[in-house]
Amino acid sequence: MASWTDAEFDLDFALRSGHELPAGVQVEFMADPDSIEVGTAESDFDFLDGRWVDVRATPDISRLFPETVISIENAEINSRGAVRLADGTRISSMLFNTRPGDWDVVDRSLVSSIPGKRSSVVQGASGFGHWLIQRVGRLMTAHDFAPTTRLISAALPHSGDDFYRRSGYDPEKVRRLGRQFRKSWIVDRVYLPSYAGVNGGRVADARRFKRDMARLLADVDLTSGMPAYPERVFLGRRSESSTREGIRNGLEVEQVFLDHGYEFIDPASLPFDEQVRLIRSAKVIAGEGGSFAQNAMYGAPGLTVVVVNANNGPNKSPYTPGRKTYGRMATDALGLHYRRINASEHARHPGWIADPDIVRRALASMPIP
């Protein structure tokens, strides 16, 4: 059985301050500090209290850190991406998204091993948008640093194999942990690549995002048949791949967009290449708050992203105008246009109800790039 302790080590603080790392932990690669770059959306508006408010702002670059790979000997990991050292110390890091609290549900008797050296991009969130924002860049970094080292990851129901293959991994050789929250695994040596952004403040390294997206889409045909795709698209959820319950009156909200000339498409029903061509062809993509907005990462300059959301930020705290979100991580990094419609005065929860009249008024007066 592995060691156990409630002690935590703040890896981010140690890296930023140059403090000594624990035994068995070392920095294997770190990019030049001058490589970090943030972007600002071309335009950014919130629809609040019946009017559009300009909330355009440059993200706080101080939250970012250079692209980094660390290695840990005899590391214990779980399916939520948490990491413990050999003495049981829990690693705390927003740069690597290792949350100490994720150990609280682990059964100490359910520890097994994964022998040898492995790279890990494991994390708890399995949604498509989380993969785009939080995993693709890590896959690229991990493969660049240790191209022959096998990968530990977690299952993605939709397009996961495409992401592995396009970042250089054989999907058949990826060790997928699944969502076994009570289990953990000890790895002889694990390589952890940092994120291209951090959750706190929802800020992304624009240079890394652009580089990684260019590599991800390098062999996608972005010329053939492009005029056949609609210019205004409402991206909704109708396939079995959608696991999160969204707006209860989603069809009513969808109809408002259809009345304004949008065409409904469920992106999960399309092959990966076709999803990319759809977004690259569009001038406007719209949908409810969630993963859809991250599809902006495929978009061309000039793309507008319209998000229908409720009046809350993270953890259901009241929404503040211009608050950075995962969608804004993409539109800021790529210099696109963002429009958020606050369609309820209440916080978002599973099955929340959007006010279609608010959506209708917002679309009728929405600032056009």
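Before any of the text, the structure's been laid out above.
Note that the structure is predicted; figures quoted are calculated from it, not measured.

**Things to note about the packing of aromatic side chains**
Next, step 1: According to the stated counting rule, one finds six aromatic pairs in the structure shown.
Next, step 2: Here F234 and F257 contribute two aromatic rings whose centre-to-centre distance is 4.9 Å and whose plane-to-plane angle is 40°, an arrangement assigned as tilted. Of this pair, F234 sits in strand β14 (residues 232-235) while F257 sits in helix α5 (residues 250-259), placing them 23 residues apart in sequence. In this pair, the class of F234 matches that of F257, namely buried.
Next, step 3: A network of ring pairs unites the aromatic residues F163, F272 and Y298 as a single cluster.
Next, step 4: Looking at R84, its charged tip hangs above the ring of W103, at a distance of 4.8 Å from the centre.
Next, step 5: The side chain of R202 reaches across the aromatic face of Y326, ending 4.2 Å from its centre.

**Thoughts on the pairing of strand β3 (residues 43-48)**
Next, step 1: Among the six residues in β3, six count as buried, and that is most of the element.
Next, step 2: Residues S43, F45 and F47 of β3 are buried on one face, and the alternating residues D44, D46 and L48, pointing to the opposite face, are buried as well.
Next, step 3: Pairing geometry for β3 and strand β18 (residues 337-342), over five bridges, is parallel. Residue pairing in the sheet places S43 in a bridge with H337 of β18.
Next, step 4: Where β3 and strand β4 (residues 51-54) come together, four bridges link them in antiparallel fashion. Pairing of L48 across the sheet is with R51, part of β4.

**Looking at the environment of I77**
Next, step 1: Along the chain, I77 falls in strand β5 (residues 68-78).
Next, step 2: Along the sequence, I77 and R99 sit 22 residues apart, while their C-alpha atoms lie 11 Å from each other.
Next, step 3: Setting aside its immediate chain neighbours within four residues, I77 contacts A82, V83, W103, I152, L177, S184, W185 and V187.

**Concerning the side chain of D205**
Next, step 1: Topologically, D205 is positioned in the loop between β13 (203-204) and α4 (206-216).
Next, step 2: Among buried charged residues, D205 stands out as having no salt bridge; its nearest opposite-charge side chain is R208, 5.5 Å away.
Next, step 3: Excluding anything up to four places from it in sequence, D205 contacts S35, I36, E37, L64, A196 and G197.

**Notes on helix α8 (residues 356-365)**
Next, step 1: Of all the positions in α8, only P356, I358, V359, A362 and L363 are classed as buried. Relative to the axis of α8, the buried residues are bounded by an arc of 155° and lie together on one face.
Next, step 2: Residues of α8 that are buried sit in contact with β3, β4, α5, β17 (304-309) and β18.
Next, step 3: If you check the start of α8, you find a side-chain oxygen 2.9 Å away from the backbone N of D357, and it comes from D355.

**Section: the environment of H260**
Next, step 1: Looking at the element boundaries, H260 is found in the loop between α5 and β15 (263-265).
Next, step 2: A relative accessible area of 27% places H260 in the partly exposed class.
Next, step 3: As a C-alpha pair, H260 and R16 span 244 residues in sequence and 49 Å in three-dimensional space.
Next, step 4: Apart from the residues within four sequence positions on either side, H260 is in contact with R232, R360, L363 and A364.

**Digging into the pairing of β17**
Next, step 1: For β17, a buried count of six out of six residues is recorded, marking the element as mostly surrounded by other parts of the structure.
Next, step 2: Burial along β17 is two-sided: the face carrying T304, V306 and V308 and the face carrying V305, V307 and N309 are both buried.
Next, step 3: The sheet contact formed by strand β16 (residues 284-288) and β17 spans five bridges and is parallel. Residue pairing across strands places I285 opposite V305, the latter belonging to β17.
Next, step 4: Inspection of the sheet shows β17 paired to β18 by six bridges, in the parallel sense. Among the inter-strand pairings, V308 is bridged to a residue of β18, identified as I341.

**Some points on the nonpolar core**
Next, step 1: Among the nonpolar cores identified, the biggest contains 47 residues, and F163, L216, Y298 and V305 are the most heavily contacted of them.
Next, step 2: In this view, V305 contacts I285, F292, A293, A296, T331, H337, Y338 and R339; residues no more than four positions away in its chain are not counted.
Next, step 3: Residues L64, L95, V187 and V198 belong to the second largest nonpolar core, which totals 27 residues.

**What about the sheet that holds β14?**
Next, step 1: Read from one edge of the open sheet, seven strands run β4-β3-β18-β17-β16-β14-β15, paired in mixed fashion. Each of the sheet's edge strands pairs with one partner strand only, and the pair in question is β4 and β15. Taking each pair of neighbouring strands and ignoring which way they run, the sheet shows an average axis angle of 25°.

**Details of unusual backbone geometry**
Next, step 1: Notably, N74 is not glycine yet its phi reads approximately 50°, a positive angle.
Next, step 2: With respect to the helices and strands, N74 occurs in strand β5.

**Examining the packing of α5 against α8**
Next, step 1: Axis separation between α5 and α8 bottoms out at 10 Å; the angle between their running directions is 20°. As far as their axial angle goes, α8 and α5 are roughly parallel. Crossing hand, α5 versus α8: right-handed. Residues E252, V256 and F257 of α5 form the contact with α8, whose own contacting residues are P356, V359, R360 and L363.
Next, step 2: Broken down by class, the residue content of the contact of α5 with α8 amounts to five nonpolar, no polar and two charged.

What counts, and where the lines are drawn
- Residues numbered from 1 in each chain as written.
- Predicted model: local features only at pLDDT ≥ 70, side-chain atom pairs only at ≥ 80, totals over all residues.
- Heavy atoms only, no water.
- Phe/Tyr/Trp six-rings, centres within 6.5 Å; stacked < 30°, edge-to-face > 60°.
- Helix = DSSP H or I, 4+ residues; strand = E, 2+ residues; numbered from the N terminus.
- Buried < 20%, exposed > 50% of the residue type's maximum accessible area, 1.4 Å probe, protein only.
- Lys NZ or Arg CZ within 6 Å of the ring centre and 35° of its normal.
- Pairing = 2+ DSSP bridges.
- Contact = heavy atoms within 4.5 Å.
- Lys, Arg positive; Asp, Glu negative; His and termini not counted.
- Salt bridge = Lys/Arg side-chain N within 4 Å of Asp/Glu carboxyl O.
- Arc of directions from axis to C-beta.
- Polar contact = N/O pair within 3.5 Å; in protein donor to acceptor, adjacent residues only side chain to side chain.
- Core = buried A, V, L, I, M, F, W, Y, C linked by side-chain atoms within 4.5 Å.
- Axes fitted to C-alpha atoms, helices over the stretch in contact; angles between N-to-C directions.
- Parallel < 35°, antiparallel > 145°, perpendicular 65-115°, else oblique.
- Left-handed = near helix turned anticlockwise from the far one by under 90°.
- Nonpolar A, V, L, I, M, F, W, Y, C, P; charged D, E, K, R; others polar.

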